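If you want the building blocks of each chain, they are given just below.
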Amino acid sequence: MSTTPPSSETSVADIWVDPRCPWAWITSRWMLEVEQVRPLETRFHIMSLSVLNEGREVPEEYRQGMIDGWACVRVCVAAQQHHGNEVMRPLYDAMGRLIHHDKAGLGPDMISAALVEAGLPADLIEAAEDTSWNEPLRAEHHRGMDPVGSGVGTPVIHVPGPDGKPLAFFGPVLTPAPRGEAAGTLWDGVLAVASTDGFFELKRGRDRAPIFD
């Protein structure tokens, strides 16, 4: 049972994700569970693992993903710029399901299917190979990532702090996504540590692969 008193005011959590990250996908599904048991609204934003890892040495098995990963995040940012941030949630939901559950890859077929599912114009696919979208993509990426520093990946979450100033943190990284009140209890704990001045890190080794359910 949660030890945090319920609040009647809906708070907003902004989450920065790359559609191709399985861990961010699981965290995002947890956030949707939290919305069912806590007065919370989750707003979705795009970061890019390809931007994050520019100029870095990455393992060979990840290099092609760094290249292929540009297309879907460019399309996401183009959709956001043309149609408002509210389209990010359905577009990310569609991409995440196609990538992680249907194993549809990162190519144009997946992106086109996601646009259809999200009810967005098909011609947004043109942004996939349009490098002019890299600048607004980087701006959106840094808006989410800069407050937590360069040593983390996705997901990154921003929430209002106790003093009204925003709190930003990486994670939580978890699998599978907790359901029901267990999701809310974890959210209460995450907020407790994130709002503690001077708290920086709580971590242990991962002993399982991502679980999508």
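Please read all numbers here as calculations on a predicted model, not as lab measurements.

K.L.:
Looking at this structure, I do not really get the pattern of salt bridges. What am I missing?
P.N.:
Opposite charge on two side chains permits pairing when their charged atoms draw close. What the rule picks out here adds up to 13 salt bridges. Residue Arg138 pairs with Glu54 through a salt bridge whose shortest N-O separation is 2.6 Å. Of the two residues, Arg138 is situated in helix H6 (residues 134–145) and Glu54 in the loop between helix H2 (49–52) and helix H3 (60–83); the sequence distance between them amounts to 84 residues. Residue class for Arg138 comes out partly exposed when judged on its relative accessible area of 28%. We classify Glu54 as partly exposed; its relative accessible area is 38%. Between Arg143 and Glu140 there is a salt bridge, with the nearest N and O atoms lying 3.2 Å from each other.

K.L.:
Looking at this structure, how should I read the environment of Ala118?
P.N.:
Among the secondary structure elements, Ala118 is positioned in the loop between helix H5 (108–117) and H6. Separated by 24 residues in the primary sequence, Ala118 and Ala94 place their C-alpha atoms 6.6 Å from one another.

About the thresholds
- Every chain begins its residue count from 1, and numbering advances along the sequence as written.
- Where local features are concerned, this predicted model is filtered to residues with pLDDT of at least 70; where side-chain atom pairs are given and counted, the filter is 80 or more; whole-chain, interface and lining totals use all residues.
- To get the side-chain values, take all heavy atoms of the structure and skip hydrogens and water.
- Throughout this description, the term salt bridge denotes a Lys or Arg side-chain nitrogen within 4 Å of a carboxyl oxygen of Asp or Glu.
- The way it works is that DSSP assigns letters per residue, a run of H or I at least four long becomes a helix, a run of E at least two long becomes a strand, and they are numbered from the N terminus.
- A simple rule labels every residue: compare its accessible area, found with a 1.4 Å probe on the protein chains alone, to the largest value its type can have, and call it buried under 20%, exposed over 50%, or partly exposed in between.

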